[in-house]
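Spelled out, the chains give:
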Amino acid sequence: MFTCSEIGSGKDQPDIYHAAALQMDTDPSRTWVFEDALHALRTAKKAGFQTVGVYDRASSADQEDIRKTADIYLPEFSDFERFWKIVSA
């Protein structure tokens, strides 16, 4: 796990996602980023990561845009089985 403070930039920059991919030794195009904030989702997607939008009450006003932007949308983070079914098909 990384925090923006550790990386030195916010989620408006892809640095935190690249650091995680480097740590896991995965290519961004084969790495899934789970996000509940629209700006962070857009950043990850623009940087070439696959994205999962996750519902969060704090960003409820952006849910329609999050659904449209994300490669996969989960109405609840606990619905991880749904993610696996989609990516395993």
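Everything that follows concerns the structure shown earlier in this document.
Just so you know, these numbers come straight off a predicted model, no measurement behind them.

Asks: Can you break down the sheet that holds strand β1 (residues 32-35) residue by residue, with the values?
Replies: The strand order across the open sheet built from three strands is β1-β2-β3, with neighbouring strands paired in parallel fashion. Both edges of this open sheet fall to β1 and β3 (72-74), since each of them pairs with a single strand only. Averaged over all pairs of adjacent strands, the angle between their axes in this sheet comes to 25 degrees, without regard to strand direction. Strand direction decides the pairing type here: strand β2 (residues 50-54) and β3, joined by three bridges, are parallel. Among the inter-strand pairings, valine 52 is bridged to a residue of β3, identified as isoleucine 72. The strands touched by helix α3 (residues 38-46) within the sheet are β1 and β2, with β2 carrying the most contacts at an inclination of about 170 degrees.

Asks: Describe in detail the pairing of β2, supporting the description with residues and values.
Replies: Where burial is concerned, most of β2 is hidden: four out of the five residues are buried. Where β1 lies against β2, four bridges are found, and the strand directions are parallel. Across the sheet, the residue bridging to valine 33 is threonine 51, located in β2. A crossover connection joins β1 to the parallel β2 through α3; in handedness this β-α-β unit is right-handed. Viewed along the sheet, the connection from β2 through helix α4 (residues 63-69) into β3 turns out right-handed.

Asks: Which residues make up the side chain of glutamine 63, and what are the values?
Replies: Tracing the chain through its elements places glutamine 63 in helix α4. Residue classification places glutamine 63 among the buried residues on the basis of a relative accessible area of 7%. A distance of 2.9 Å separates a polar side-chain atom of glutamine 63 from the backbone oxygen of serine 59. In this view, glutamine 63 contacts Val54, Tyr55, Asp56 and Tyr73; residues no more than four positions away in its chain are not counted.

Asks: Go over the pattern of salt bridges with me, naming the residues and quoting the values.
Replies: The tally for this structure, following the rule as stated, stands at three salt bridges. Where lysine 45 meets aspartate 71, a salt bridge forms, and the shortest distance between an N and an O atom there is 2.6 Å. Taken together, the positions of lysine 45 in helix α3 and aspartate 71 in the loop between α4 and β3 put the pair 26 residues apart, joining distant regions of the chain. Overall, aspartate 71 belongs to the partly exposed group, its relative accessible area being 42%.

Asks: I'd like to hear about the nonpolar core, residue by residue, with values.
Replies: Core analysis: the largest hydrophobic core is formed by eight residues, namely Ile16, Tyr17, Ala21, Val33, Ala37, Ala40, Ala44 and Phe49. Examining the composition of this core, we find that three residues originate from one element, helix α2 (residues 15-24), more than from any other. The contacts of alanine 40, once residues within four sequence positions are left out, are Lys11, Tyr17 and Glu35.

Rules of the game
- Residues numbered from 1 in each chain as written.
- Predicted model: local features only at pLDDT ≥ 70, side-chain atom pairs only at ≥ 80, totals over all residues.
- Heavy atoms only, no water.
- Pairing = 2+ DSSP bridges.
- Helix = DSSP H or I, 4+ residues; strand = E, 2+ residues; numbered from the N terminus.
- Axes fitted to C-alpha atoms, helices over the stretch in contact; angles between N-to-C directions.
- Contact = heavy atoms within 4.5 Å.
- Buried < 20%, exposed > 50% of the residue type's maximum accessible area, 1.4 Å probe, protein only.
- Right-handed = clockwise from strand over helix to strand, strands pointing away.
- Polar contact = N/O pair within 3.5 Å; in protein donor to acceptor, adjacent residues only side chain to side chain.
- Salt bridge = Lys/Arg side-chain N within 4 Å of Asp/Glu carboxyl O.
- Core = buried A, V, L, I, M, F, W, Y, C linked by side-chain atoms within 4.5 Å.

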